[in-house]
Amino acid sequence: MNVTVLTKPDCVQCDFTKTHLNKHGIEYDVVDITIDADARQKAIDLGYFSAPVVIVEADGEVAHWSGFKPDRIKALGAESGEQQ
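(A) Examining the pattern of salt bridges more closely. Scanning the entire structure with this criterion turns up 1 salt bridge. With a closest N to O distance of 3.9 Å, K18 and D15 form a salt bridge. Separated by 3 residues within a single helix, K18 and D15 lie in helix α1 (residues 12-23), roughly one turn from each other.

(B) Quick peek at the state of the cysteines. Counted under the stated rule, the structure contains 1 disulfide. Here C11 pairs with C14 through a disulfide, and the sulfurs are 2.2 Å apart. Disulfide C11 to C14: torsion about the S-S bond roughly 75°, handedness right-handed. A residue is classified by how much of its surface remains accessible, and C11, at 7% relative accessible area, is buried. Judged by its relative accessible area of 0%, C14 is buried.

(C) Inspection of helix α3 (residues 70-79) at higher detail. For α3, the complete set of buried residues consists of I73, L76 and G77. Looking down the long axis of α3, one finds its buried residues gathered within 100° of arc, a one-sided arrangement. Opposite its buried face, α3 presents the exposed residues D71 and E79, each directed more than 90 degrees away. Looking at the buried side of α3, the elements it contacts are α1, β3 (53-58) and β4 (61-66). Note on α3: the residue one or two positions beyond its end, G81, has a positive phi of about 90°.

(D) Structural view of unusual backbone geometry. Looking along the chain, the bond that leaves A51 and enters P52 is cis, with omega of 0°. Counting through the fold element by element, P52 comes out in the loop between α2 (37-45) and β3. A positive phi angle, close to 50°, is found at D59, a residue other than glycine. As for its position among the elements, D59 is in the loop between β3 and β4.

So, how was this worked out
- Counting starts from 1 at the beginning of each chain's written sequence and moves along it residue by residue.
- Note on the predicted model: pLDDT of at least 70 is required for a residue's local features to be given, and 80 or more for side-chain atom pairs to be given and counted; whole-chain, interface and lining totals, by contrast, use all residues.
- As a convention, hydrogens and water are excluded, and side-chain values are obtained from all of the structure's heavy atoms.
- For this analysis, a salt bridge means a side-chain nitrogen from Lys or Arg found within 4 Å of a carboxyl oxygen belonging to Asp or Glu.
- Helix and strand assignments follow DSSP, with helices taken as H or I runs no shorter than four residues and strands as E runs no shorter than two, numbered in order from the N terminus.
- A pair of cysteine sulfur atoms is labelled a disulfide when the two atoms are within 2.5 Å.
- We call a residue buried when its accessible area falls under 20% of the maximum for its residue type, exposed when it is over 50%, and partly exposed in between, using a 1.4 Å probe and counting protein chains only.
- The arc in question is the one traced by the directions running from the helix axis out to the C-beta atoms.
- Note on contacts: a residue pair qualifies if any of its non-hydrogen atoms lie within 4.5 Å across the two residues.

Written out as structure tokens, the structure reads:
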């Protein structure tokens, strides 16, 4: 599973998202959309205009969402074999 968080500075929801991913032991890459124009365009192409945007690639499928979604993060942790 590959997880990418498209983020920006001073973004509370971005910080919460990264904190919860860490809490659930989910590895992820962070891309700052204020620096990376391609990443910003990818978020827009997916239909999002606010950060964070989380993109999950697993088993040939891609899922994505915008905002802090603790329920989705918890589900990812369960999928990746997190011990609770």
